[in-house]
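# Examining the three-dimensional arrangement
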Amino acid sequence: MKKDIILAGVGGQGILSIAACIGLAALEETLYLKQAEVHGMSQRGGAVQSNLRLSSDPIASDLIPAGKADLIVAVEPMESLRYLPMLDPNGWIITSINPFVNIPDYPEMEHLMKEIWKLPRYITLDANSMAKDCGSIKAANMVVLGAATPFLGLEQNSIETAVKNLFKNKGNEIVELNLKALRAGRNHALKQI
Amino acid sequence: MQKLLLLGDEAIAQAAIDGGMSGIYAYPGTPSTEIMEYVQASKAAKENNIRALWSANEKTAMESALGMSYAGKRAMVCMKHVGLNVAADAFINAAITGANGGLVVVAADDPSMHSSQNEQDSRFYGKFSLIPILEPSNQQEAYDMTRYAFELSERMRIPVLLRITTRLAHSRTGVDCSEPVKQNDLKLPDNLRQFVLLPAIARKQYRELLGKQTQMEAISAESGYNRIIERSDKSLGIIACGLSYNYLLENYTDGKIENPVLKIGQYPLPLDLVNELYESCEEILVLEEGYPIIEELLRGLLNKSKPIKGRLDGTLPRDGELNPVIVGNALGKKYPQGQAVPELVKNRPPKLCDGCAHTDAFLALNEALASYGRGRVFSDIGCYTLSALEPLEAINSCVDMGASISMAIGAADAGLVPAVAAIGDSTFTHSGMTGLLDAVNNNSPITIIILDNSTTGMTGGQTSSAFGKIENIVRGLGVPEEHIKVLKPLRKYHNENVAVIKEEIEYQGVSIIIPRRECIQTLSRRMRQKAKAKTMNI
Ligand SMILES: Cc1ncc(C[n+]2csc(CCOP(=O)(O)OP(=O)(O)O)c2C)c(N)n1
Ligand code: SF4
């Protein structure tokens, strides 16, 4: 088993909580794991990404070689395209379609979506509304993670355990909300595949 | 022992806690910050009374750590690469005094300048000061080498430099920890003149340091951190330092490299091993995450030896960090061309947070300076440096911490009057205070804006040494009371703020303006913690 994943978003959007869930689940399954994070300067509203590598064998490099990523998981549509050179020709893009507009020259949504639809393998989802339907827009990250779960090569069970562990300090209600969001994302993706 | 999921920085911190460290000293700086933060959050560190507070700058941190070493205890000092420039005087002389308790200096380099002004290679400093350097290739080695570094420092009685780079510092993986050891007891140096670098003593100590080089090299050859991996294809030999070894391995499924490799993790270089590889192979490829230090040494001035490939002959890029593809290309591996980034994807540079106090301060400054024309604002390093970009375009320099005030002095001396300095609160106490003293003694016609957001914002909101002290400091350094002005940087006070700044700019002497409003990131973090504490009380 080997999965190379790029997580993409904008500084402050919290892609690291997605990384943390996948990481915990991978540990649960006693897989090897390397996760290169971006700290510092770009966290101030800039483009951020994290390289996440899972494998049943030891992993050498902290960075994924260009053109070899199995998945790009993005919480922002323009950011999902920024790392295309990293994606394997057979790889998937899973992205939220909710734009984070903090630059004056942000592209037209229509053009952006056309660019994504050109790709051979993608899942797009309105994570914000789906999260809202589950109870809070704050769970949008978990919706996106849920949509990625069919591709991760991990047991759904270990991912749910990870979500429970990550949020258990915040009380049962929050745990349930995030699990609901996770499942909503997963069901959405399963229908699109 | 337990296995933990740790960043490289955290592995170093955990190893230092397990390794009997009594105190850690640091000034924040990406990618080194998480070392101190991990110790500060660690229960074990608290239980063992490990001292873990931020210092005013890297030099004071280095000196405090040296003092702890003098007293016989194990100490660590951490900084980003440019911090070592600030600490250099203490660092290089600490090699001459030598250590008593184990002293480990961690320098975190930032090749590709993800969050830095340059990509200097700290191994140069280690070599310059003639002390051993350890360069881990992964997080496990970072843990093991930190444990080893304290022992090596005590065994050789000198400080040891641990050099890491961004990718190792900020990448997380499973790390096996080993049995903790107790802290040292207080113990003075055997020779009470060891730390007195009067010329007569320093000469003797320096000769001792020189005398230790052979032993240090022998240890480098035996420690296991440098080793030759034998392979049959001798058309090329590869020297892989630190992290680059991983990028090399990544290019071979199941790790079956075809060429002999000398894996380097400890310096001074083990000459016998280097020679063995050199003699047995037709060409040598040197992989270094940083400057081409070993490559340059191997080539020599005239480059008349066998072909040495690396950053200097164009086999690898001359600058920037390595990655698996760059290393693969150097080995003639073919990578599939990934897709291009679509043109409509626009740059998304970092920017000041919405509602940041710095924005209001610079809007007021821009207006106050409008009649003088652009190009007069010397600034410094911190979140506020982002005001150089659109839409504010408010500042004209960012060089090294503290430079804003001193550069404004020089520019004013040259006739650029008025000149303005804009500096953050943490940067001011890091190294702006001495510049201010110069300005006061010089009676420079400059206006200094000390942007007080009550934190060290850029590196993630660490406590600022300046907190609650700025007015007293500037008063103490000789700025007259009537030219110390505190502003509230909010849109609704914009006009008043512009008027105050204008007035001070017109004054032909040193004036201080302090726009004061807490960083909204630390403010919201505080509020969250407060709310949490409240619910827990109920
Ligand atoms: C010598 C040196 N040490 C550390 C750093 C890292 N660094 C850059 S900005 C910064 C924080 C500055 O804080 P402050 O001046 O209060 O400004 P703020 O970011 O809060 O606006 C630090 C620690 C550096 N660039 N150079
Ligand atoms: S972190 Fe604080 S100081 Fe930095 S830009 Fe955001 S609000 Fe401003």
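Preceding block: the structure.
The text that follows walks through the structure, step by step, so that each part is easy to find. A quick note: this is a predicted structure, and the numbers were derived from the prediction, not measured. (Residues numbered from 1 in each chain as written. Chains lettered and ligands numbered in written order. Predicted model: local features only at pLDDT ≥ 70, side-chain atom pairs only at ≥ 80, totals over all residues. Heavy atoms only, no water.)

## Things to note about the overall build of chain A
Put simply, the rule reads: Strands are runs of DSSP state E lasting at least 2 residues, helices are runs of H or I lasting at least 4, and numbering of each runs from the N terminus. This radius of gyration counts C-alpha atoms alone. The globule rule is 2.2 Å times how many residues there are, raised to the power 0.38. Remark: exposure states derive from per-residue accessible area (1.4 Å probe, protein chains only) relative to the maximum for the residue type, with buried under 20%, exposed over 50%, and partly exposed in between.
Regarding its fold elements, chain A presents 7 helices and 6 strands. Secondary structure elements of chain A, listed N to C terminal, follow the sequence β-α-β-β-β-α-β-α-β-α-α-α-α. Computed over C-alpha atoms, the radius of gyration of chain A comes to 16 Å, within 12% of the 16 Å expected from 2.2 N^0.38 for 193 residues, which places it in the range of a compact globule. Its C-alpha atoms give chain A principal-axis dimensions of roughly 40 × 40 × 35 Å. In chain A, which comprises 193 residues, the share counted as buried stands at 60%.

## Observations regarding helix α5 (residues 81–97) of chain B
Residues and elements named next belong to chain B. Put simply, the test is: For a helix, the expected span equals 1.5 Å multiplied by the number of residues minus one. By definition in these notes, contact holds between two residues if any of their heavy atoms fall within 4.5 Å.
In this model α5 runs 22 Å from its N-terminal to its C-terminal C-alpha over 17 residues, within 8% of the 24 Å that 1.5 Å per residue would give. Most of α5 is tucked away: 12 of the 17 residues are buried. Looking at the packing, one finds that the buried side of α5 touches α4 (58–70), β4 (74–80), β5 (103–109), α6 (123–129), β7 (160–165) and α9 (199–211). Gly98 sits one or two residues past α5 and shows a positive phi near 80 degrees.

## Structural notes on the site of ligand 1
Residues and elements named next belong to chain B. Condition: Residue proximity to a molecule or strand is established when one non-hydrogen atom of the residue lies within 4 Å of it. Polar contacts, as used here, are pairs of N or O atoms within 3.5 Å; protein pairs need one atom able to donate a hydrogen and one able to accept it. Residues neighboring in sequence count only if both atoms are side-chain atoms. Computed with a 1.4 Å probe, the accessible areas rest on the Shrake-Rupley method; for each residue, only the protein chains presented here act as cover.
Ligand 1 sits among 26 residues. The nearest are Glu58, His358, Asp425, Thr427 and Gly457. Contact between ligand 1 and Asp425: an oxygen atom at 2.7 Å from a side-chain N or O atom of the residue. For ligand 1, an oxygen atom lies 2.8 Å from a polar atom in the backbone of Met458. Against a free-state accessible area of 590 Å², the protein chains account for coverage of 97% of ligand 1.

## Description of the sheet that holds strand β18 (residues 484–487) of chain B
Residue and element names in this part refer to chain B. Here is the rule: Should DSSP find at least two bridges between two strands, the strands are taken to pair. To define axes, lines are fitted to C-alpha atoms, for helices over the stretch in contact only, and angles between the resulting N-to-C directions are given on a 0 to 180 degree scale.
Read from one edge of the open sheet, 5 strands run β15-β16-β17-β19-β18, paired in parallel fashion. What marks the edges here is a single partner per strand, and that holds for β15 (377–379) and β18. Sheet twist, expressed as the mean angle between neighbouring strand axes with direction ignored, is 20 degrees. Relative to strand β17 (residues 446–451), strand β16 (residues 419–424) is paired through 6 bridges, and the arrangement is parallel. Along β17, the bridge assignment pairs Gly424 with Leu451. Its contacts with the sheet put helix α15 (residues 357–369) on β15, β16, β17 and β19 (511–515), and the angle it makes with β17 is roughly 165 degrees.

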